[in-house]
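Per-entry structural report
Here's the letter readout for the chains.
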Amino acid sequence: MIIDCHAHVFQHWAGACGHPSSEIHRKYIQKVQTRTSARVFRAHDGKEVSGAVLFREGDNSWAGLKDVDFRVGNYGRLDFTVDGEDYHCQYMPVGMQQIVAPPELMLAQMSYAGVDHCILQTGWGYGAMNDYNAFAQNQYPDKFTALLNVDEPRAFTDAGLAEFDRAHRDLGLKGVYFALDAFARYGFDVTFDDARYDAFWSKIDSAGLPVFFEITAIPNYDAVSYIRNLVRLHGLMNRYSNIRWVLVMGPPVGFFGKSGAWDFPDEVLGAMRHDHLLIEIMLPITWGGVWEYPYPQAQQLVRGMRDLFGASKLIWGSDMPNVERFCTYTQSLDYVRRHCSFLSPSEKDAVLGGNLQSMLAIDNRKRSVAA
């Protein structure tokens, strides 16, 4: 069974997508674009620029986002205007005529690429996803296992805890997505291991839900910030023994692998070797615009992770449909499935699905649907 540990469905981005307003939704999307690996162009001449034009240097919070009339465009583009100049970010694939991805789009992609099951992750740029993820999972339980989202910087509040209960108990979502970039909304005024979070992490521990944890290198977006947050996560992993964790996006190549081989500090190695942590292999979404398929550089980095951590800790993900801005869904799988020849057949089986099956009881769900 091939399981994609990282895919998305979402409503049309021009709307609120579950947020209180479309304006708040666009703020979340704009924040993601400030440091995107997607290509950003000036409209009138096609000159490539950086997402840094979207925020004021020195302020990485929402307060630093510029007023750029941020807009959801067509053909996978996000449009904005800076000092009278129009720009667009090619964040989704060009063939996505409108930025919307219903469950049936993902089902068609899975059928074509030979993927049996997908984990539906979340993220505030996609929307407040609990209800829509639950809709997709309930419509196609043999194809999708969906995660819930929480308001990460306010997950410890009564409202945050109540939404966790609703998403888990009432909607039946099977895991938690937790990402650090959301802390920018409140100026990074709290850390996720603060004592105020004890009730939140204890709820997850009691429920036995896995946590898919995406470490953005807040607040300074540098290697020091990333390492500090990974060390904090290591502390949580030691405290909450019933939680299984997934390191979403895997370790950042820009900090630890730009030479073509991994160079991890001891504290990073210690955290990533934790028995309860799985690591996503998902390189084309960030480096597919730099490297050429079949990504020999990525293959070497996968080999390095296998040698350091073992195939039993690695899980493949795509980040569909975003990844198609750089390559096809099939290519995002085949650089591992067909080209990582150093992986034995049993190691490929583990990386491409086996390591997730027991953690999320996917086999049991498929049998239940069949019955």
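Since this is a predicted model, take the numbers as computed values, not measurements.

Broken down by element type, the protein chain carries 13 helices and 13 strands. Relative to its length of 371 residues, the protein chain is compact, with a C-alpha radius of gyration of 20 Å against a globular reference of 21 Å. Seen along its three principal axes, the alpha-carbon backbone of the protein chain occupies a region of about 55 × 50 × 45 Å. When each of the 371 residues of the protein chain is scored for burial, the buried share is 56%. Nonlocal contacts in the protein chain, meaning residues at least 24 apart in sequence, comprise 75% of its contacts between residues at least 6 apart. If you sum the accessible surface of the protein chain, you get close to 14,800 Å²; carbon and sulfur atoms cover 47% of it. Considering the protein chain, the positive charge centre built from 35 side chains and the negative charge centre built from 43 side chains are found 2 Å apart.

Here we come to the nonpolar core. Ranked by size, the top nonpolar core spans 117 residues in total, and within it W13, F178, F200, W201, F213 and W245 carry the most contacts. The leading source of residues in this core is helix α6 (residues 223–239), at six residues. Domain assignment of the residues forming this core places at least three in each of domain 1 (3–8 + 101–360) and domain 2 (22–90). Excluding residues within four positions of it along the chain, W201 makes contact with F178, F192, V211, F213, L236, Y240, I243 and W245. Of all hydrophobic cores here, the second largest spans 15 residues; its members include I119, F212, L278 and L360.

Here we come to the pattern of salt bridges. Under the counting rule described, the total for this entry stands at 18 salt bridges. Between D69 and R71 there is a salt bridge whose closest N-O contact spans 3.0 Å. On the basis of relative accessible area, D69 is assigned to the partly exposed category, the value being 47%. The exposure class of R71 is partly exposed, given its relative accessible area of 25%.

Looking now at the domain arrangement of the protein chain. As assigned here, the protein chain comprises domain 1 (3–8 + 101–360) and domain 2 (22–90). Look at where the C-alpha atoms of domain 1 and domain 2 centre, and you get two points 25 Å apart. With 16 residues of domain 1 at the interface, the matching set in domain 2 holds twelve residues. The contact between domain 1 and domain 2 buries some 1,200 Å² in all, and 58% of this surface belongs to carbon and sulfur atoms.

What counts, and where the lines are drawn
Residues numbered from 1 in each chain as written. Predicted model: local features only at pLDDT ≥ 70, side-chain atom pairs only at ≥ 80, totals over all residues. Heavy atoms only, no water. Helix = DSSP H or I, 4+ residues; strand = E, 2+ residues; numbered from the N terminus. Rg over C-alpha atoms; globule rule 2.2 N^0.38 Å. Buried < 20%, exposed > 50% of the residue type's maximum accessible area, 1.4 Å probe, protein only. Contact = heavy atoms within 4.5 Å. Areas by Shrake-Rupley, 256 points an atom, 1.4 Å probe, with all protein chains shown as cover. Lys, Arg positive; Asp, Glu negative; His and termini not counted. Charge placed at Lys NZ, Arg CZ, Asp CG, Glu CD. Core = buried A, V, L, I, M, F, W, Y, C linked by side-chain atoms within 4.5 Å. Domains from an automatic or database assignment. Salt bridge = Lys/Arg side-chain N within 4 Å of Asp/Glu carboxyl O. Buried area = accessible area lost by both parts, 1.4 Å probe.

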